[in-house]
Amino acid sequence: MDMAKFQINYLGCGSATPTERHLPSCQVIDFRDRLFMIDCGEGAQLQLRRMHLKFSRLSHIFISHLHGDHFLGLPGLLSTLALHSVDSSVTVHTFPEGIEILRRLMRMFCHDTSFALHYEPVDPAGGLVLDERSFTVRAFPLYHRVPCVGYVFEEKPKERHLRGDMIRFLNIPVSRIKDIKAGADYLAPDGRLWLNSELTTDPDPAMSYAYCSDTRFDMRVAEAVRGVDTVYHESTYLSDWEHKAAPRGHSTAAQAGMIAEAAGARRLVLGHYSKSYDDDSLFAREAATTFSGEIIAAREGLRIDLL
Ligand SMILES: [Zn+2]
């Protein structure tokens, strides 16, 4: 088990309907050996197998909105989990209407199972949805044709690194170590005060990932993901279809770049490509006209390590 892991797996990068080249939206975050799925388009459970992501490690599923290309993989995935998962549990985070649909489906197809399925309603206005020991997940509003949210996964600030030489030299008792890692100074028995900066070095930076699902171009999105390291932003179209993007509640690659630039992101990941285009590299090229950081055009099977 890799305790430092924070990896994004791209299972589906297309929009609207599955095609020969792309599957609908699905991403899985592998965080210290637990899996967190965001959106669940058709084909998600097959992609989990193809990418060797273990069903038994899946703990939470976050849904951005109730359009088929982000939701319809769930009934199949959940019924597989109900068949095979003994004593495991999964929590689905979605709007109350989505919970209602899933409850009905599970009542019809998945009774007599020891698999525990939990539901957590998501507020379309956003807010904290998960608070774990080492990271949080929060939702924020997007601007689509139906209520829609994005999600930010953020590590909590990490502990400072101890300087082993100083700890040994001063013979600091174990009982003080926790406070020193958190930033405390140390008062030695001889009365001398050792500053924390003499005993520790800076912690590793806390990493963060934003998932900006279906949305038209709106600067409030940049505001919501300001300071996030790696930003995924949908880029359904290129600028030649900009006039169609906003009315349909979608963005162009250039607009995705503008959001990432305004947010101060280090890296932009693109996806949710319209099937009208057959060369994904065009999306990255267009986003480079508005974003100065690293750009990755997602494809099925891609993995990105944030650490
Ligand atoms: Zn979509």
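Residues numbered from 1 in each chain as written. Predicted model: local features only at pLDDT ≥ 70, side-chain atom pairs only at ≥ 80, totals over all residues.

Direction of pairing for strand E4 (residues 58–62) relative to strand E5 (residues 89–94): parallel, over a ladder of three bridges. Looking at the pairing, His60 lines up with Thr91 of E5. Examined bridge by bridge, E5 and strand E6 (residues 116–121) share six bridges and lie parallel to one another. Bridging from a neighbouring strand, Val90 pairs with Leu117 of E6. Regarding the hand of the β-α-β motif, the stretch spanning E5, helix H4 (residues 96–109) and E6 is right-handed. (Pairing = 2+ DSSP bridges. Helix = DSSP H or I, 4+ residues; strand = E, 2+ residues; numbered from the N terminus. Right-handed = clockwise from strand over helix to strand, strands pointing away.)

The strands making up a sheet associate through backbone hydrogen bonding, with each pair oriented either parallel or antiparallel. Strand order in the open sheet formed by seven strands is E7-E8-E9-E14-E15-E16-E17, with mixed pairing between adjacent strands. Strand pairing shows two members of the sheet lacking a second neighbour, strand E7 (127–131) and strand E17 (294–297), which therefore form its edges. For this sheet, the mean angle separating the axes of adjacent strands, direction not counted, is 20 degrees. Bridge count between strand E8 (residues 135–141) and strand E9 (residues 149–155): seven bridges; the pairing is antiparallel. For Pro141, the partnering residue across the bridge sits in E9 and is Val149. The strands that helix H10 (residues 253–263) touches are strand E15 (230–234) and strand E16 (267–271); relative to E15, the one it contacts most, it runs at about 150 degrees. (Axes fitted to C-alpha atoms, helices over the stretch in contact; angles between N-to-C directions. Contact = placed C-beta atoms within 7 Å.)

Once that is clear, we can look at helix H3 (residues 74–84). The set of residues buried in H3 consists of Leu74, Leu77, Leu78 and Leu81. Buried residues in H3, looked at end-on, bunch into an arc of 95 degrees, giving them a common side. Away from its buried face by more than 90 degrees, H3 exposes Leu83 and His84. Buried residues in H3 make contact with helix H1 (44–50), helix H2 (68–71), E5, H4 and E6. (Buried ≥ 20, exposed ≤ 12 C-beta atoms within 10 Å, placed from the backbone. Arc of directions from axis to C-beta.)

With that settled, the discussion passes to H4. Across its 14 residues, H4 extends 20 Å between first and last C-alpha, which sits within 8% of the 20 Å expected from 1.5 Å per residue. Within H4, only one of the 14 residues are buried, leaving the element largely exposed. (Expected span 1.5 Å × (residues − 1).)

What follows covers the domain arrangement of the chain. One can read the domain layout of the chain as domain 1 (6–158 + 204–305) and domain 2 (161–201). Taking only C-alpha atoms, the centre of domain 1 and the centre of domain 2 are 43 Å apart. (Domains from an automatic or database assignment.)

Generally speaking, a soluble globular protein has its nonpolar side chains buried in company with each other. Counting residues in hydrophobic clusters, the biggest one holds 74 residues, and the most contacted among them are Val225, Val231, Leu268, Leu270 and Ala287. Among the elements that take part in this core, H10 stands out by supplying seven residues, more than any other. Setting aside chain neighbours within four positions, we find Leu268 in contact with Val231, His233, Ala256, Gly257, Ala260, Ala287, Phe291, Gly293 and Ile295. (Core = buried A, V, L, I, M, F, W, Y, C linked by C-beta atoms within 7 Å.)

Here the focus is the pairing of E4. Counting buried positions along E4 gives four out of five residues, so the element sits mostly inside the fold. Inspection of the sheet shows strand E3 (residues 34–38) paired to E4 by four bridges, in the parallel sense. Of the residues in E4, the one forming a bridge with Met37 is Ile61. Note that the unit made of E3, H1 and E4 has a crossover that is right-handed.

Structurally, Arg163 is set in the loop between strand E10 (161–162) and helix H5 (164–170). Taking the number of C-beta atoms within 10 Å as the measure of exposure, Arg163 has 16 and is therefore partly exposed. Those residues in contact with Arg163, other than ones at most four positions away along the chain, are Leu199, Thr200 and Thr201.

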